[in-house]
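The lines below spell out each chain.
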Amino acid sequence: TYSEQRFVPLDRIDSNNVGELGLAWYFDIPTRRGIEATPLVVDGVMYVSGAWSIVYALDAIKGSLLWTYDPQVPRIYGRYACCDAVNRGVAAWDNKIYVGTLDGYLVALNAKDGSVGWRVNTIDRNQPYSITGAPRVIKGKVLIGNGGGEYGVRGYISAYDAETGEQAWRFHTVPGNPADGFESAAMEMAAETWTGEWWTMGGGGTVWDSMAYDPDLDLLYIGVGNGSPWNRQIRSPGGGDNLFLSSIVALRPDTGEYVWHYQTTPGETWDFTATQHIILADLDIAGATRKVLMQAPKNGFFYVIDRANGNLISAEKYIPATWASGVDLATGRPVEAPNARFVSGPQVVLPGPFGGHNWHPMSYNPKTGLVYFSAQELPMFYSTDENFRFISGQFNTGVDWAAADFPTDPAEIEAVFALVRGHLVAWDPVAQREVWRYQQAGPWNGGTLSTAGNLVFQGNVLGEFVAYSADNGARLWSFATQTGVTAGPVSWESNGEQFIAVAVGWGTLIAAGGGPGVEALQMKNRSRLLTFRLGGEAALPALPQPVARPVPEPPEQVADADTISRGHYLYTTRCSMCHGLSVTSGGLISDLRYTTRDVFEQWNQIVVEGSLAAAGMPGFKGILGPDEALAIKSFVIERAHALADRTRGAD
């Protein structure tokens, strides 16, 4: 619903009979990248988007494919998607299905056959924007934001006429160059909170995921992302709150007019986005019914906000968060810890840029009064990148990723892993406390769905789809999905029978950039739709027998230590978000430690000239010089030797 509660008032499947749940059907999604979309079921048809923004329509009861729409996203466009070529879902309205494509288009499809009704460009095609979020349709307007905050863009949300695709309005989330004038009074106000020449680096503030709508108040709520670059010392060197970064902003959906905002992280400098799931509910607080907005953004605090005026009601930590001791309820501002901004030297901060909670959808169950979401503890070693050089279209953070990379000593790696945790939490938003948790094997577990049957459904990083008791967290049922699960489930009823479905498929940011943190999972992508019912008897095909991958003999290392160190810095800055920290793949994109000698011989043609661009590997000509490309190659060779030596030791 518009409130985004992800609660289904169905109870034919409940905590007493959920053990009888079985697979009704499955559908293989023919891509091999991450799956993040929640399926949408309308009049017996299931619509879901997969990697590369491809839309599939299926018979929701039988699982048979009805039609497919492939927007033909150029694979090279994956370079502008920080976190895999994913898509979080479609919107439905008046016999149309709407999807935002990775390369920046908004498309209206005929719900019956998938034919294109209209297709509009939503971005400046000279800028590194992308779209991974699901559109929303409100009052006959399709709303869509974009991504690219790390790559040097200026964020905004746009509204388009649902029938014609004509742009109705656009609201920018950060100000542009003051010399060009301001689009609105809101932007003029926001500009007073910035310093320096932020607009030359984009500013960030992309609206890449969450939206919600209150039809009674006629307010649209959007979550705004991180700064570009992350590091405020570089982006806005004179300080300032940098509105509307890391904010929840209320707008009029007819016009895009600004109404109010609440900034969760003033002067954002850690990639603490406020784009995480927003839920609307009416709660009994101190004896009065309050219309509230709830969010658990990356920064580690759970916020309850009056959605009529943006006033903070409460904010408490849902995980340990070291960057701030708390939130001052009188001012609504965090009480920051000393050197949390790593101005006077490096600092370990919890949470890190993966967040205490990321994009994975939450759910609110009005029967239990609890919010269910995936929480995680992943610290980050923050230090300023003293060699930072802004390059549009590249990963611009202003943080030294080489200093934050995984150690190479096994004992030190194990010590790092001991700090990393993840759990499913049931949170009481009135008392602002945890009621129960289920401790997971690690972080980055899936979105949740809660039901009137006293159930919470969630997938996890180990490849399980699980049902928990909503009131006490007991694990009641599970299904082996054969791949990682991060998306949120859906439930519906047809002819008196309740169904549960979830889209699965290993990938997304954790698989692409997780490095040694996810290598041990040995997870493979098997993109699928899985649908369950009581008494379901279908079965997934048996997994193939694992085949040991031969480790090629790497070329001789001829570089000196300074060159390898320089290569480490350049690799983490330019390559690690796709190929993994420490040159260690999470099983999504090529693990460069297995590079063969003939490919090493073509290094410059691939890395600089872009000979594999059609396959999605961009060339870095004009960004990396020959010496820099050689330094990266030397670092990769060093990591390849480490793998080969370890393999020999195991033998």
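Residues numbered from 1 in each chain as written. Predicted model: local features only at pLDDT ≥ 70, side-chain atom pairs only at ≥ 80, totals over all residues. Heavy atoms only, no water.

Whenever I open this one, the sheet that holds strand 12 (residues 141-144) confuses me. Can you help?
Strand-to-strand pairing in sheets goes through backbone hydrogen bonds, with the strands running parallel or antiparallel. Sheet architecture is open: 4 strands sit in the order 11-12-13-14, paired in antiparallel fashion. Two strands lie at the open edges of the sheet, namely strand 11 (136-138) and strand 14 (167-172), each paired on one side alone. Taken over all neighbouring pairs, the strand axes of this sheet differ in orientation by 25 degrees on average, direction set aside. Inspection of the sheet shows strand 11 paired to strand 12 by 3 bridges, in the antiparallel sense. Paired with arginine 136 across the two strands is leucine 143, which belongs to strand 12. (Pairing = 2+ DSSP bridges. Helix = DSSP H or I, 4+ residues; strand = E, 2+ residues; numbered from the N terminus. Axes fitted to C-alpha atoms, helices over the stretch in contact; angles between N-to-C directions.)

Before we go on, may I ask you to explain the sheet that holds strand 2 (residues 21-28) in this structure?
The 4 strands are arranged 2-39-38-37 in an open sheet whose pairing can be described as antiparallel. Here the strands that pair on one side only, and so sit at the sheet edges, are strand 2 and strand 37 (490-494). The mean angle between the axes of side-by-side strands here comes to 25 degrees, regardless of whether they run parallel or antiparallel. The sheet contact formed by strand 37 and strand 38 (residues 497-504) spans 5 bridges and is antiparallel. When the sheet's bridge partners are listed, serine 494 is paired in strand 38 with glutamate 497.

Can you walk me through the packing of aromatic side chains in this structure?
Each aromatic ring pair is characterised by the separation of its centres together with the angle its planes make. Within this structure, the stated rule accounts for 36 aromatic pairs. When the centroid spacing of 6.0 Å and the interplanar angle of 85 degrees are considered together, the rings of phenylalanine 301 and tryptophan 323 count as edge-to-face. Linking phenylalanine 301 in strand 23 (residues 301-306) with tryptophan 323 in the loop between strand 24 (312-317) and strand 25 (324-328), this pair joins segments that are 22 residues apart in sequence. With relative accessibility at 1%, the residue phenylalanine 301 sits in the buried group. The exposure class of tryptophan 323 is buried, given its relative accessible area of 1%. Between phenylalanine 457 and phenylalanine 465, the ring centres sit 5.8 Å apart and the planes meet at 25 degrees, which makes this aromatic pair stacked. Taken together, the ring pairs in this structure connect Tyr77, Tyr80, Tyr151, Trp230, Phe395 and Trp401 into an aromatic cluster. In this structure, arginine 119 is placed above the aromatic ring of tyrosine 105, and the distance from its NZ or CZ to the ring centre is 3.6 Å. Sitting above the plane of the tyrosine 594 ring, arginine 549 keeps its charged end 3.9 Å from the centroid. (Phe/Tyr/Trp six-rings, centres within 6.5 Å; stacked < 30°, edge-to-face > 60°. Buried < 20%, exposed > 50% of the residue type's maximum accessible area, 1.4 Å probe, protein only. Lys NZ or Arg CZ within 6 Å of the ring centre and 35° of its normal.)

Explanation requested: the state of the cysteines in the structure shown.
Defined simply, a disulfide is a covalent bond joining two cysteines at their sulfur atoms. One pass over the structure, following the stated rule, counts 1 disulfide. Bridging cysteine 82 to cysteine 83, the disulfide has an S-S length of 2.0 Å. In this structure, the disulfide formed by cysteine 82 and cysteine 83 twists by about -75 degrees around the S-S bond and is classed as left-handed. The thiol of cysteine 575 is not disulfide-bonded; the next cysteine sulfur, from cysteine 578, is found 8.8 Å away. Residue cysteine 575 is classed as buried on the basis of its relative accessible area of 14%. Residue class for cysteine 578 comes out partly exposed when judged on its relative accessible area of 31%. (Disulfide = S-S within 2.5 Å.)

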